[in-house]
Amino acid sequence: MSVGTGFVGRAAELTALEGALDDAALGTPRTVLIAGEAGVGKSRLLEEFEERCTGRDLLLARGSCVSVGAGELPYSPWLAAMQAVEAEVGAQALVEGARGEQATLAALIPALTDPGRPREGGQLARAHLFSLFLELLGRLAGKHPLVLLLEDLHWADTSSLDLLLFLSRNLRRVPVLLAATFRTDELNEDSRHRVVFGELIRGRSSTYLELDRFGRDELATLLRAAGPVEEAVVTRVHDRSGGNAFLAQEILAAEHRNPGGPMPDHLRDLLMMRVDGLSEEGQQIVGVVAAAGRPVSGALLEAASGLPGPALRSGLRDAVTSQVLIRTEDCFQLRHSLTAETFYQDLLPGERAGLHRAVAAALAASSGRDVSPIDQAELAHHWFHGRKDDDALFWTVRAARSAATVHAYAEARRQYGRVLDLWRRVPDAASLCETTYPRLLDEAAEVFDYAGDPQRAVELTGEALQVVGGDGEAQVLAGLHEHLARLRWRANDTPGAMASARQAVALAGDRPGQAGATYARVLMLSGHYRQAREEAEAALARAASAVDRGYLLVTLGTVRFLLGEREAGVDQLREGLALAESTDSKENILRAYTNLTYCLQMLNRLEEGLDLARRGCDLAAGFGLRMTTGMVLVGNAADILLDLGRWDEIEKLIGDMLPDGATEDLPLYIQYVRAEVCVARDEREDARAMLEMVMSRSAGKTDQDFVGHTYAALASLEIADGNWRAARRAVDEGLAKLGDGEGVFPALRLAVCGLQAAGEAAEHARRTTPPTADRWLSWAEALAGRVATAMAELRRPGGGRALPVAEALDQVAAAELLRVRDEPQEAAWGAVVSTWAELGHPYPEAQARLRLATCLLRRGATAALHREVAVAARLAAGLGARRLTRDLTALAALGGVALTEELPPAPAPVKEPDLGLTRREVQVLDLIALGYTNARIARSLDIAEKTVSVHVSNILAKLGAANRWEAALIRRGEAR
């Protein structure tokens, strides 16, 4: 910490920063978070670090958040940092680094021009922007190691935080250091800031530094840097400040003004002492700077304060001399934000409003015709707090649209919420904003959906429909109903989505356009394949644009495949892909790749499907959509690798996408694949955690394939745990959720899983309580009937032959039913073994060989038993399927068979620190560390929120933690 030019303490923190920079310079990107209360010296630490970087071959830039409209200015610290980068390397270097993507990157780099062309919206588009920015930083760092210093992130907008998290997770093998500061005393329990900081802290590439207050000796050194200070004064200052550097300096200044006299009792009085001593002009200038919430230029100060030149200069001189204001280049700002906050809070409401109006008027006069998104947000903020509703509405609409344009959806949502409130208070709002209220509602709905609140988006679009009324223009109503259908689908309201899509098609008449495409897709995903085909064909016959035709061809090809027209469906998918490529429609191209890989997997053309999925992943990365649509294709590839038994490649594939190991952010359809591997490898606690997360996040989801996969994985886990009643519940719930949809393959998969549970349960009962074995027979026979129905449906269009995996599952079902009945099953399991071996699915093959070996043991066929156990053990060992290996080893021992091959040992359990908590309290603490609120923890663990509150209180007491933040650090092993 400094007084004048000195620096006190913080040796360990400086060493950590310099170590992180050394790592980054060698190509290992690092993130350093510097936290502490206001006034503890975070900014000064960064300044000292920056000074020590002088002379090194680095590209260093700093960007700060500002308190004005905290959280409303999209990407403000990044824009400031990139302006500093431009000052170092020049605008042309940034243009070259953008490689033709200037229009998109203009959202984050002021030097790049935006021609104003329409942009795609949504999370895919935001992911594209983030990926392009990631690549640009890598190119800049390729010339000189790049250091970005971001200050005061407690005021950051959500999009800036999301970008920081994205970069921290995805920067790889480039010399980049990200260092950021934030206040620990400014974080709300449920804020996005707390969640992001928690995730950053847990990152493998992150270092967390929390600055403590100075001890007495360090504080004495700080206070004496500018001159001698008596021991008694040092003691008094330390006692009053508690070692906070900024407060200590203010107390010392008060001591100098009134030696030996009484000190103010309240922090407000202490911080206002300097300001109270200023001239009237000086205080007026301080008021403008405090209301502005950021550094203010002399010209803006003059315009907003209304002071003539001589009075302005006199007031500035007074404020700077008294160390209330400091000058930075051509701007003025308060020496510390605590002073600004205290002065602002001390103003009367009318005084604040007047200052905001003055600042807004000065900003508007100086902005010219082309007003940047940041200036629009500032103008909206100042006019709103200046209580000038018409101007506030005018600028807030523009700020909302600009935020949405640069994919800052959290900020756009906040602005649209304010717009909807202001609209009702402003006469002739439609004329002022040059739009209608229904259009505004629909705009807002789209933003709320992109921001992760589809339920509120549904409400807004519903309100728009009410305002238009049933007798409104048909095409307008059709468009609103189509939008409502998409929103309802994303909100997991399948019946509502189908009803809205159906209404949209009816209103669209002979121009179905997007309405027809949406209706067909919703029908397909919800398992109504025949109707989906009819709607897709009708819409395709009237589709005007090539993009719409490509979208419909992909839907139609997928539906035809699912209805049994396998080769025709694949051909039509390829036709849709070719058309999508000719129109350069990224969404259609990747959707075609996704659906084609699924179809190839169902045809058991696994290597071909895997190759296509990998090519799709590469394409998604090239489109800048690696973390969105790319992850869908990763899910397809992972599912194929699961079938092929190449399980280690699944985690490698995920690791390539998420190098930081942030697996909690993986899409749900990848989580259940990982869970299935964990079950087979006897990592059941991990599997349960994954599936609990999947189930908690997918309530109401009706996608047929997802439901079938998820409940089958859950049932497999319960079978592994020997909890067959729970497995039965999972199967029954899943089948009920699938309902009467035409997606019979998911029902087949789930019914076979149920038969496996029944077989295990009946066999166990015959060993332990024989009379209870028959209890499973009626359920097993009902499931066998479900299998027969599914197979009949699957074989009907295929000339009596179903999909290869479906035929294999049918054989498994028949063998399992024999096991439940305790009838001879050796021949049945022999057929299952042959089928899985021919298809190239090693895990179910090994499982079937275990069942066959059990039959061979019963009749004493030792040689055949040895062969089956040896082959199965070799397969299980190659997979790392420890549970199956254990069962095979036990069976071999019963049969007197020696397994000579070395089997992989189970992984050594990771020893968790003994925190003195119960198992449930540890679960709660893990979710606290993820940034979960009590309500979210309650939903995840299926317990009452009040119970969570009791657990949290107990956890804090047992750990001796002051708050949830400290408890999370203790869990991570960083107790202070």
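Residues numbered from 1 in each chain as written. Predicted model: local features only at pLDDT ≥ 70, side-chain atom pairs only at ≥ 80, totals over all residues. Heavy atoms only, no water.

1. Some points on the sheet that holds strand β8 (residues 331-334)
Thinking step 1. Read across the sheet, three strands follow the order β6-β8-β7 without closing on themselves; strand pairing throughout is antiparallel. Edge strands, defined here as strands with exactly one partner in the open sheet, are β6 (296-297) and β7 (325-328).
Thinking step 2. Note that β7 and β8 share four bridges and pair antiparallel. For Ile 326, the partnering residue across the bridge sits in β8 and is Gln 333.
Thinking step 3. With respect to the sheet, helix α13 (residues 280-292) is in contact with β6, β7 and β8, its orientation differing from that of β8 by roughly 85°. (Pairing = 2+ DSSP bridges. Helix = DSSP H or I, 4+ residues; strand = E, 2+ residues; numbered from the N terminus. Contact = heavy atoms within 4.5 Å. Axes fitted to C-alpha atoms, helices over the stretch in contact; angles between N-to-C directions.)

2. Side note on helix α26 (residues 513-525)
Thinking step 1. When the terminal C-alpha atoms of α26 are compared, their 19 Å separation across 13 residues agrees well with the 18 Å that a helix rising 1.5 Å per residue should span.
Thinking step 2. Most of α26 sits inside the fold, with ten of its 13 residues counted as buried.
Thinking step 3. Burial in α26 covers these residues: Ala 515, Gly 516, Ala 517, Thr 518, Tyr 519, Ala 520, Val 522, Leu 523, Met 524 and Leu 525.
Thinking step 4. Elements in contact with the buried residues of α26: α24 (474-490), α25 (494-508), α27 (529-542), α28 (546-562), α30 (586-602) and α36 (704-720).
Thinking step 5. Positive phi appears at Gly 527, one or two residues downstream of α26, with a value of about 90°. (Expected span 1.5 Å × (residues − 1). Buried < 20%, exposed > 50% of the residue type's maximum accessible area, 1.4 Å probe, protein only.)

3. Digging into the domain arrangement of the protein chain
Where the parts come together, the accessible area they lose is often given as the size of the interface.
Thinking step 1. For the protein chain, the assigned domains read domain 1 (11-212), domain 2 (217-263), domain 3 (279-347) and domain 4 (832-897).
Thinking step 2. Counting the surface lost from both domain 1 and domain 3, the interface buries some 500 Å², and carbon and sulfur atoms represent 54% of this.
Thinking step 3. Our count for the domain 1 to domain 3 interface comes out at one salt bridge.
Thinking step 4. Of the charged contacts, one joins Arg 183 and Glu 341 as a salt bridge, the two residues approaching to 3.0 Å between their closest N and O atoms.
Thinking step 5. Applying the counting rule to domain 1 against domain 3 returns one residue pair in polar contact (both at pLDDT 80 or more).
Thinking step 6. Its residues placed into classes, the side of domain 1 that touches domain 3 shows four nonpolar, two polar and two charged. (Domains from an automatic or database assignment. Buried area = accessible area lost by both parts, 1.4 Å probe. Salt bridge = Lys/Arg side-chain N within 4 Å of Asp/Glu carboxyl O. Polar contact = N/O pair within 3.5 Å; in protein donor to acceptor, adjacent residues only side chain to side chain. Nonpolar A, V, L, I, M, F, W, Y, C, P; charged D, E, K, R; others polar.)

4. Looking at the sheet that holds strand β2 (residues 59-64)
Thinking step 1. Spatially, five strands are ordered β2-β3-β4-β1-β5 in an open sheet, and the strand pairing comes out parallel. Lying at the two open borders of the sheet, with one neighbouring strand each, are β2 and β5 (206-210). For this sheet the average axis-to-axis angle between neighbouring strands, irrespective of direction, equals 15°.
Thinking step 2. One ladder, built from six bridges, connects β2 with strand β3 (residues 146-151); its direction is parallel. Bridging from a neighbouring strand, Ser 64 pairs with Glu 151 of β3.

5. Concerning the pairing of β5
Thinking step 1. By the criterion of burial, β5 is predominantly enclosed, with five of the five residues buried.
Thinking step 2. The pairing of strand β1 (residues 30-36) with β5 spans five bridges and is parallel. Counted as the bridge partner of Ile 34 is Leu 209 from β5.

6. Thoughts on the environment of Tyr 843
Thinking step 1. Position of Tyr 843 among the secondary structure elements: in helix α42 (residues 842-858).
Thinking step 2. Once residues within four sequence positions are removed from consideration, Tyr 843 is found in contact with Trp 647, Ala 680, Leu 879, Ala 881, Arg 883 and Leu 884.

7. A few points about unusual backbone geometry
Thinking step 1. Here the phi dihedral of Asp 428 falls at roughly 55°; this positive angle occurs in a residue that is not glycine.
Thinking step 2. Within the secondary structure, Asp 428 sits in the loop between α20 (409-423) and α21 (429-433).
Thinking step 3. Residue class for Asp 428 comes out exposed when judged on its relative accessible area of 56%.
Thinking step 4. Despite not being glycine, Glu 434 has its phi angle at roughly 55°, a positive value.
Thinking step 5. Summarising the element assignment, Glu 434 is placed in the loop between α21 and α22 (437-450).

8. Quick word on the packing of helix α38 (residues 744-768) against helix α39 (residues 777-795)
Thinking step 1. Two elements in contact, α38 and α39, have axes whose closest approach is 9 Å; the angle formed by their N-to-C orientations is 150°. Taken together, the axes of α38 and α39 lie roughly antiparallel to each other. Relative to α39, α38 is oriented so that their crossing is left-handed. Side by side, α38 and α39 meet where Val 744, Phe 745, Ala 747, Leu 748, Ala 751, Val 752, Gly 754, Leu 755 and Ala 758 of the first sit next to Trp 779, Ala 780, Leu 783, Ala 784, Arg 786, Val 787, Ala 790, Met 791, Glu 793 and Leu 794 of the second.
Thinking step 2. Across the contact of α38 with α39, the residue classes tally to 16 nonpolar, one polar and two charged. (Parallel < 35°, antiparallel > 145°, perpendicular 65-115°, else oblique. Left-handed = near helix turned anticlockwise from the far one by under 90°.)

9. Looking at the pattern of salt bridges
Pairs may arise between side chains of opposite charge once their charged atoms sit close together.
Thinking step 1. The final tally for this structure, using the stated rule, is 64 salt bridges.
Thinking step 2. Glu 607 is paired through a salt bridge with Arg 646; the nearest N and O atoms lie 3.0 Å apart. You can see Glu 607 sitting in helix α31 (residues 606-622) and its partner Arg 646 sitting in the loop between α32 (629-644) and α33 (647-657), a full 39 residues away along the chain.

10. Considerations on the nonpolar core
Thinking step 1. Core analysis: the largest hydrophobic core is formed by 133 residues, its most contacted members being Trp 78, Phe 133, Leu 153 and Leu 167.
Thinking step 2. It is helix α6 (residues 123-141) that contributes the most residues to this core, nine residues altogether.
Thinking step 3. Shared between two domains, this core holds at least three residues of each, these being domain 1 (11-212) and domain 3 (279-347).
Thinking step 4. Aside from chain neighbours lying at most four places away, what touches Phe 133 is Trp 78, Met 82, Leu 105, Leu 108, Ile 109, Leu 163 and Leu 167. (Core = buried A, V, L, I, M, F, W, Y, C linked by side-chain atoms within 4.5 Å.)

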